Structures are given as C-alpha cells and as structure tokens.
Amino acid sequence: MFGPRLLAVLLPLLTLAPACSGGDAFSDFRGTPEDYHDLAVESVRSPDDVRDAALEHLEDLDPEVRFAAFYALTITAEPGPSMDALAERLGSEDPDERLLASASLVSRGGKDGLPVLIAALGSTEVMPRLDPPTETCQYAQFVLTQYTDQDLGLRAAQGAKAAAAVMPAWEKWFAENGSELRWDPAEQRFAG
Amino acid sequence: MSARLRAVMVSVLLGAQIGLPAGRAEAKTTVSVKGTVVTITVPIDAPNLEGTKFRNADGDLVSGEEYWEQSAESIWNEAFKLHGYRCFELRLNVDVTPRPIDYEAVPGRHQILYANGSAGGIKGSVLKPNGDTTAPFTNATDGMWGNLSPTGVAHEVGHLLGLGDDYREVSQNPRKTEPIDGRQHTLMADGGPVDQVLVDRIGDLITKSGVKLPQCWTGTMKTSSDYTLTDNPAFRCSTDWETALSVVVSGDGTLSGDAVATLVGGRECTHPISVPQTTLVVYSVTGHAFDDRLEFQLDIVDAEPPGSNDAGGFLRTIFSQNDLAPVSLMIPITALGVAEGDVELEEVSGVNVGASVNSIRLTCESCEPEAVG
C-alpha cells in the first residue's frame, strides 16, 4: 500500500501520535489500582490540568473513565464549573456519586451537600467503590461529624438503626440553621 | 504504574533470577519481639498530608499524621488486647511523617499520598498483590488515601500489615461487591470489627515473612503434695494443684513466661490449722530449652489470699529450703513439640517434710523440626 520511502516518513509520525494527541490523565485509563493511584498523584500535583481534563471526560462512553473523571473532580474541585459538576451529582441514583459529591462539596464549604448526607442516615445502601465497601449511613456519619460542629447523638450511634434514630434531629437542625451556616476554614467545619 | 511498584517488580524479577531475597534491603513494615509482645511498626511517609487537620474520635481537631496514627493504633491495639496470636500479644505502632507533595519515595518507609478527596480509599489505596501477602514486610509500598474515617484508616493500615480485602467484586457495571463467605461484619470486608481470624492471619504473615517468633509452649502441671512432720507422723496435710503454664523460648534457648496455680478442692489435714490456705499463686517462669528437655524454675510473684500458706507443702517443694532458691524442674522433650514427665520433689527442713508429685505436659504449636536452642 505504502512505498518504503513513504513508510519511512509516516512511521515516526505514527510513533509520535499518542504524545501529540492531547493525551491527559484519562488517556489509556483502564481502571487498574495503578491507574487510580497515578490519577490521584496527578490530581494532587497538577490539579488545574486534571480538573480540566476531568470535566471533559465526565460523560465519557467508558463507565470506568466516567467514574475516574468524577473521582478526580472530588480531589481537584474549586468554585466554578468543577464544583457545579459535583453539585449536579447530588441527585444521582449511584450512591458513590451522590455521597462522594456531597462530601466533596461539604469539605470545601458547600453546604448543599449536607441534606444529602443527612438523608443517608439510616440507609444500608452500600457504596461499592469505596475500600472497604461502606454503608451510606456509616459514610454520612463520618462526614457530618467531621465537618459540622454538631453531634446530636450521631457520634455514638452504632449501625444504621441508631443513625436513623438521630436523623430527625439532624433534619431539624439543618432546617433551622441551614441558611445561617458559615464555613470556618480554621476549624475546617460549618458553624451555625 | 508507580515508579516504585515498577522498581519492586523489577527487583522481584532480578531477585528471582539471581537467587536473592527480592527487595529485602528496602524495608517496610517491621516486627520486633520482646518476650510475648510482638510490636509491628508501620512507617509511612505522607506527601501532601502536611498542614491537614481532622477531627478524631473525641471530636478534637488534630493533625493529619496524628489522626492516621491514632485511628489505626486505637482500633488495632484494642483488638489485639482481645485477640492474641498463639501466646503472643501483638501491638501496632504507626509512624506517619508528613512530606511535601513532590517528595520522592525512600527505602524503608511506605509512601502514602494524601489525596484530599472525599473518597477515603478506593482502588489503588495500597498498591500490593491481591490477597494476603508478605510484601509489605519485605518492600515499601505505595498508596493514596483521601479523607478516611477512623475505620477506613484501620482498614488501609490492615493492607500495610499484609491483609488482603475480604470482599469480592460480583459485577463491574454497575460495580457491586459482597463480603467473602464468613467474613461479613469484619474490618477487611466491610469496615466491621477486627476478629480473631484477622489477628491470626497477621501473625501467620509475620512468620511467613521470615520473622522468627519465639516458640510458644503452653500446658499444665498437675500436682499432688503432702506435708508431714517426722517427729509426729500423725500430722499430715495434703493439697492438689493445677498450674497453667505459658512460656516462650527464644532463638538462644532462653525460656521465660508465667504460670498460675489454682488449688483444686480444699486442703485435707489430720488436725485443724489456723493459717488460711493459699488458693492461687502467680509465678514468673525462667529457664532454658535444650534439644532434649526443658528446664525451668517457678518464682512466686503473688499469692492469694494475703497472709496464707499452703498446708499441703507444694510451695515448700518448689524452693530449696536451704537457700530459698527455686528448684529446677526438668521434663524431657518426648516428641516434636511435646515435653512431658513427672517431677518428684521433696524438701526437708528439720522435722518438716514436703513432698510433691508434679505431672507436667507442655506442647508447642509453632515448633518446627529444627532443634531448640
């Protein structure tokens, strides 16, 4: 098909192609543990580049890449499109997306994530991508006590049933104080 | 693939090729043994953790390194108090040092990047082979952790102790997992508590990694003793005792441990005695293991009730009445991991004669074919 001389010209170009094709943190992403590790390293070391690339891959056809892009945003998000993208996941049916988005927002002072976490108290739905897979109530319990100045019996709650029992108190607290909550950067939590 | 994982794999291949223990020099999770206490130290360099704050179990804001250390140590060490490994008590010491983002991994310390995301641990949280492995004991390991709950930290440190996950993926899209049969509600499956199985697996990994733990010998000594007066043969008291022994034998044959003796039934005497009868004695045990026998002495640490003595003479017989030094008890090793025999003791002091027959049997679960000492 190609003459030897033409091949000699094309081969170096083909070899160079991947490096010149705008390859990002998600190029050749297979979802292996090493891929996720490398993605996390890149997210920490070059957050701007990874954030931009993640936004482009949020609707990738490959579900593993889609999740990886979302995961990268939980590390790199900042006010603007990236936090908006996380906020869009607050209504996701996927418990990993819904809870991780809410926690990521809350840890950055985004109080929109709080109602999602409160609603998860008492739920035994499992977040299968976490290591170890964790019930949403257990995850919400950790995040709420980590990033608010409230306890309302939650810290001592053992298991979904006990967490469900304190959920009304948390709902009441947020209904009464949600609009006044302010993020305290020094204390790394919301205070009413 | 991380540079160090690649380097480890290359070193494994090279090691296999030239017959050297792969990555041995690049330590890792380390183990030290003192008596029956086995201390596991997990050294972690943590790029990007510097300046972070987390709320601990008490709600206090502490540094990231304190949070990781406290979370892992409290969960594991509480469990180690409840669940021993053979005759050993395991203890965990986690040593976390925050490092700059671009810090290069160094030999001898695991490197865990703090990725400040909401997913505490996901795939790649600790890069190691699947399943239980001795790899963290022989090679430093890489990983990345986000905002982990205390249970999450303990789970990830479990990987640095060599434990694999106790759950499996049952579908990829959507991803679903389930605990391995029988492992529900345990730390490496779903964040439940640490159970005896996990502790035993860690102990087994320690020995598989090449750490030579002392031998554990446990067993009982059943004693029948009599106390008589030569100038008054009508005077006679008898007691029976059962003593639980637990000793370790280190590589040089030194034997040490403890024992608890309990009075079986009451004392039988030919006439009334006003001094209270001793019912429980705690001993320290010292001695030496030889190829063909165990030799040890019992030294009293405590006796109950206070101010009591043993009318049956047992306590007299295990001490020389001349110099009050403990008498040496010797039993032959009759088979691999079995030492048993009867030891007859008699101590005469003036007209007082104490005599005991002590049937001792000790077994060693962990003894290997090579000789002791």
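Now for a look at the structure at hand. (Residues numbered from 1 in each chain as written. Chains lettered and ligands numbered in written order. Predicted model: local features only at pLDDT ≥ 70, side-chain atom pairs only at ≥ 80, totals over all residues. Heavy atoms only, no water.)

**Re the interface of chain A and chain B**
Heads up, the rule is: Contacts are assigned to residue pairs with any non-hydrogen atoms lying within 4.5 Å of each other. What counts as buried area is the accessible surface, traced by a 1.4 Å probe, that two parts surrender upon association, with contributions from both included. For salt bridges, the criterion is a side-chain nitrogen of Lys or Arg within 4 Å of an Asp or Glu carboxyl oxygen.
Listed by partner, the interface residues are 37 residues for chain A and 48 residues for chain B. Taken together, both faces of the contact between chain A and chain B bury some 3400 Å²; the carbon and sulfur share is 55%. Counting across the interface, chain A meets chain B through one salt bridge. Taking the shortest distance from any N to any O, the salt bridge between B:R55 and A:E187 comes out at 3.5 Å.

**With respect to the packing of helix α4 (residues 63-76) of chain A against helix α5 (residues 81-88) of chain A**
Residue and element names in this part refer to chain A. The cut-off we apply is this: The axes used here are C-alpha line fits, helices contributing only the stretch in contact, and every angle between their N-to-C directions lies in the interval 0 to 180 degrees. Labels follow the DSSP assignment, with helices taken as runs of H or I lasting at least four residues and strands as runs of E lasting at least two, numbered in each case from the N terminus. Here the angle decides the label: under 35 degrees means roughly parallel, over 145 means roughly antiparallel, 65 to 115 means roughly perpendicular, and every other value means oblique. If you view the pair so one helix is near and one far, a crossing is left-handed when the near helix is turned anticlockwise from the far one by less than a right angle, and right-handed when it is turned clockwise. Here the term charged refers only to Asp, Glu, Lys and Arg, the term nonpolar to Ala, Val, Leu, Ile, Met, Phe, Trp, Tyr, Cys and Pro, and the term polar to all other amino acids, Gly among them.
At a minimum axis separation of 10 Å, α4 and α5 run at an interaxial angle of 120°. In terms of axis orientation, α4 runs oblique to α5. Considering the relative orientation of α4 and α5, their crossing is left-handed. Every residue of α5 that contacts α4 at F70, L73 and T74 is listed here: S82, A85 and L86. Across the contact of α4 with α5, the residue classes tally to four nonpolar, two polar and no charged.

**Here we look at α5(A)**
Residues and elements named next belong to chain A. The cut-off we apply is this: Three exposure classes are used, based on accessible area relative to the maximum for each residue type with a 1.4 Å probe and protein chains only: buried under 20%, partly exposed in between, and exposed over 50%. The arc in question is the one traced by the directions running from the helix axis out to the C-beta atoms.
Taken as a whole, α5 has its buried residues at S82, M83, A85 and L86. The arc that holds every buried residue of α5, seen down its axis, measures 155°, which confines them to one face. Looking at α5, the residues exposed on the side facing more than 90 degrees away from the buried face are P81 and E88. Summarising the contacts, the buried residues of α5 are in contact with α3 (47-57), α4 and α6 (95-107).

**A short note on the environment of B:R201**
Residues and elements named next belong to chain B. Relative to the elements of secondary structure, R201 occurs in helix α6 (residues 196-208). For R201, a relative accessible area of 18% puts it in the buried group. Once the C-alpha coordinates of R201 and L160 are considered, the two residues, 41 residues apart in sequence, prove to be 13 Å apart. If sequence neighbours within four positions are ignored, R201 has contacts with D132, L163, G164, D166 and R183.

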